[in-house]
Protein chains: 2
Amino acid sequence: MNLSTPLARPSLHEELVTRLRQAIVEGSLEPGAKVPERELCENLGVSRTPLREALKVLANEGLVILESNRGARISNVTMEELAAAFPVIAVLEGLAGELACALATDEEIAQIVTRHHDMFRYYDAGDRPAYFQANHDIHAALMAAARNPVLAQHYAMLSSRVERARLLANVSDSRWAEAVEEHRGILEAVETRDGSRLSTLLKEHLNNKLAALKTALT
Amino acid sequence: MNLSTPLARPSLHEELVTRLRQAIVEGSLEPGAKVPERELCENLGVSRTPLREALKVLANEGLVILESNRGARISNVTMEELAAAFPVIAVLEGLAGELACALATDEEIAQIVTRHHDMFRYYDAGDRPAYFQANHDIHAALMAAARNPVLAQHYAMLSSRVERARLLANVSDSRWAEAVEEHRGILEAVETRDGSRLSTLLKEHLNNKLAALKTALT
DNA sequence: ATCTTGAATTATGAATACAATTTGAAAAGA
DNA sequence: TCTTTTCAAATTGTATTCATAATTCAAGAT
C-alpha cells in the first residue's frame, strides 16, 4: 500500500471540471444548450460556488461560453473551430510521434503495435465502436510514450474540443478504409521507430481527417 | 466605432485572470510564493469569490498550483517544464510560420520585416529591453498573421508559462549574437514567404533558445 | 536546550445571502 | 390586433457566512 502520497481528496470543483468535461465531450450536455446552474447543482448535490468555478475553467478551455449576466452555454462545434484546431492537433501529434520513437520503451512500442492489430481486426469485423476505442488508445499510448506532460496537457485540451465533432458526422466507409490504410503506414513507422516519418504520417492523417469532416459536414 | 460588440463589461474574475496572469509573467508575483487570498482581495477591492475563480483558471493553465486546504502558490519554473514546453512552442511557432507565409497580407509581411530591422538596430545599439520588445512583437505578428485563434490561444498559454524564465537567466552575449543570426534567416524566409523553410528555422530557433537556457541555468 | 503536544488562531473550501441584471408576460396604448 | 411599457419572477455576479482543515506558538516532557 502506498503511504507516501499525501491522501489527496480532490476538491469539488476539480471533480466537477472532470465530470462536466466528460459530459460535454460525450454529448450529454449538448452544444448550444445553456447550463442550468441551479438544476445542475441539485442533481450533483453541490452548491453553486464549486460549479461556477468549474464553469470558469471550462470556459477558459473553450468548452463553455460565459455570457455576462446570462449564464453559461455549451460552446458549439463550428467548422471554423475544427479547421483551426486540427492543424494544431496535427503538429502536436507529429511531435508526439517523434518523441515517442525516441523515448518509448520496447513494451510501449509493443503495446501500440498490438493495439493496431486489434484495430485492424475490428475494422475487418466492421465494429465501429471497438475500432474507435482502439484508435483512441493508440493515439493516447503514443502521447504517453512521448513523456511530455505539457504536450499531453495541450493535446488533451484540444482533443476534448474536437472529439465532439464525431457526434455530428459519421465517418464514411471510404474514409474509414483510407484511415486504416494510413494507420498501416503509421504502424510501420512505429515498429521501425522512424520518428520523422511517423511525424509526417500522423500530421497527414490528421489533416485528412479534417478534410473528411469538411466534406461530411457540408 | 464598433457598435456590433454588445458592450462587454468584463466580469471581475476575467479581469482578475488577466491581471494576475500579467503579474505572474512579469514576476510581481514570484514563483513559489503563496498567494495571500485575503490580502490580495483587499488590495484589489474584490471579495474572495471572484479571486478564487480566477485562481482556478490560472491553476488550469499551470501558472498557479492549488494545494488542497493550503491555498494557492505561484508555480515554479522548472527546467523540466521548460524542456517540455519549448518543443511544443517550437512546433506551434513552426505551424504559425507556415500559415503566416500562406495567409499574411503584404502589409503584415512588411510590418514583420520592418520590425526585424528595428530589432537588428537595437542589437547593434546593445539595447536589450527594446530588442526583447521587438522580438516579442515579431513573434506575435507572425502568430497574428497565421489567422488561427486556436493556435494563438495555446501559444499564448505556453508563452505565459515560459516567459518567466527570462527573469531567471539573462541571455549571454554569444547566444544573443546567435539569435540575431538566426533571425536573419527567419527574416529571409518571411520575405520570400517560404513557409516550410520558415517553419524549420523557427523550430530550430526555439530549440536553440532552450539549449541556451539549459546551459545558463546549470 | 530541543523536541513534542495541543489549544488558539488563521486560512481555506463550500454554502448561503444579497444585490443587480435579465427575462417574460401581462397591461396599457396605438 | 399589434406594439410598447411596466413590473414581478428568475437568474446571475458578487459578498458574506460557516464549518473544517492547517498553522502557530506556548507549555510541558525528554
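Fair warning: this is a prediction, and the values are worked out from it, not measured in the lab.

Scoring rules and cut-offs
- Residue indices begin from 1 for each chain and proceed along its sequence in written order.
- Key to labels: chains lettered from A, ligands numbered from 1, both in the order written.
- Two thresholds apply to this predicted model, a pLDDT of at least 70 for residue-level local features and 80 or more for giving and counting side-chain atom pairs, whereas whole-chain, interface and lining totals are computed over all residues.
- Note that the side-chain values use all heavy atoms of the structure and ignore hydrogens as well as water.
- One side-chain nitrogen of Lys or Arg within 4 Å of one carboxyl oxygen of Asp or Glu is enough to make a salt bridge.
- Burial here depends on accessible area, computed with a 1.4 Å probe over protein chains only, as a share of the maximum for the residue type. Under 20% is buried, over 50% is exposed, and the range in between is partly exposed.
- By the criteria applied, helices consist of DSSP H or I runs no shorter than four residues and strands consist of E runs no shorter than two, each listed in order from the N terminus.
- In this text, near means that some heavy atom of the residue lies within 4 Å of the molecule or strand in question.
- Throughout this description, a polar contact denotes any pair of N or O atoms lying within 3.5 Å of each other; where both atoms belong to protein, one of them has to be capable of donating a hydrogen while the other can accept it, and for residues adjacent in sequence the pair is counted only when both atoms sit in side chains.
- Expected span, for any helix, means 1.5 Å times one less than how many residues it has.
- Only heavy atoms matter for contacts: two residues are in contact if any of them lie within 4.5 Å across the pair.
- At least two bridges found by DSSP between two strands is the condition for calling them paired.
- Least squares is the method for superposing the copies, and the C-alpha atoms it fits come from residues with pLDDT of at least 70 in both.
- Aromatic contacts are taken between Phe, Tyr and Trp rings whose centres are within 6.5 Å, Trp giving its six-membered ring; a plane angle under 30 degrees counts as stacked, one over 60 as edge-to-face, and the others as tilted.

A.B. asks: Give a description of the pattern of salt bridges that names residues and reports values.
C.D. replies: Pairing between side chains of opposite charge can happen when the charged atoms of each approach one another. The final tally for this structure, using the stated rule, is 36 salt bridges over all chains. Where Glu67(B) meets Arg73(B), a salt bridge forms, and the shortest distance between an N and an O atom there is 3.8 Å. With relative accessibility at 32%, the residue Arg73(B) sits in the partly exposed group. A salt bridge links Asp118(B) to Arg121(B); the nearest nitrogen and oxygen atoms lie 2.8 Å apart. Taken together, the residues span about one helical turn, with Asp118(B) and Arg121(B) both in helix H5 (residues 106-125) at a distance of three residues. By relative accessible area, Asp118(B) is classed as buried at 14%. Salt bridges linked by common partners bring Glu37(A), Arg48(A), Arg52(A), Lys56(A) and Glu53(B) together as one network.

A.B. asks: Please give an account of the protein's contact with DNA strand D that cites residues and values.
C.D. replies: Around DNA strand D sit 17 residues, and of these Arg48(A), Arg52(A), Ser47(B), Thr49(B) and Arg70(B) come closest. The sugar-phosphate backbone supplies 69% of the atoms of DNA strand D found within 4 Å of the protein. In this structure, a phosphate oxygen belonging to DNA strand D sits 2.6 Å away from a side-chain N or O atom of Ser47(B). The contact in question runs from a sugar or linking oxygen of DNA strand D to an N or O atom on the side chain of Asn69(B), over 3.3 Å.

A.B. asks: Mind laying out helix H8 (residues 173-191) of chain A, listing which residues take part and the relevant values?
C.D. replies: Residue and element names in this part refer to chain A. Between its first and last C-alpha atoms H8 spans 27 Å; for 19 residues at 1.5 Å apiece the expected length is 27 Å, and the two agree. Of the positions making up H8, those classed as buried are Arg175, Trp176, Ala179, Val180, Glu182, His183, Gly185, Ile186, Leu187, Ala189 and Val190. As for H8, its buried residues are in contact with helix H4 (79-103), helix H5 (106-125), helix H6 (128-145) and helix H9 (195-216).

A.B. asks: Residue-level account of unusual backbone geometry, with values.
C.D. replies: Here Asn69(A), not a glycine, exhibits a phi torsion of approximately 65 degrees, which is positive. With respect to the helices and strands, the residue Asn69(A) is situated in the loop between strand S2 (64-67) and strand S3 (71-74). A positive phi angle, near 50 degrees, is found at Arg193(B), a position not held by glycine. Turning to its location among the elements, Arg193(B) is positioned in the loop between helix H8 (173-191) and helix H9 (195-216).

A.B. asks: Would you mind going over the sheet that holds S3(A) in detail, with residue names and values included?
C.D. replies: Residue and element names in this part refer to chain A. Pairing is antiparallel in the open sheet, where three strands are placed in the order S1-S3-S2. Every interior strand has two partners, whereas the edge strands, strand S1 (34-35) and S2, have only one. In this structure, S1 lies alongside S3, joined through two bridges in antiparallel fashion. Considered in S3, the bridge of Val35 is made with Ala72.

A.B. asks: How would you explain the relation of the copies chain A and chain B if you had to name every residue and give the values?
C.D. replies: Structural alignment of chain A on chain B gives an RMSD of 0.1 Å, achieved by rotating through 180 degrees and translating 0.0 Å along the axis. Viewed as a symmetry operation, the transformation between the two copies matches a two-fold axis. A share of 100% of interface residues in chain A that are also interface residues in chain B marks the association as one of identical surfaces.

A.B. asks: Break down the packing of aromatic side chains for me, with residues and values.
C.D. replies: Residues and elements named next belong to chain B. Going through the model one piece at a time under the given rule, you end up with six aromatic pairs over all chains. Ring geometry for Tyr123 against Trp176: centres 5.0 Å apart, planes inclined by 85 degrees, an arrangement best described as edge-to-face. Separated by 53 residues along the polypeptide, Tyr123 in helix H5 and Trp176 in helix H8 bring together distant segments of the chain. Using a relative accessible area of 24% as the deciding quantity, one classes Tyr123 as partly exposed. Looking at Trp176, the relative accessible area reads 8%, which means it is buried. Residues Tyr131 and Phe132 carry aromatic rings whose centres are separated by 6.2 Å and whose planes lie at 70 degrees to one another, so their mutual orientation is edge-to-face.

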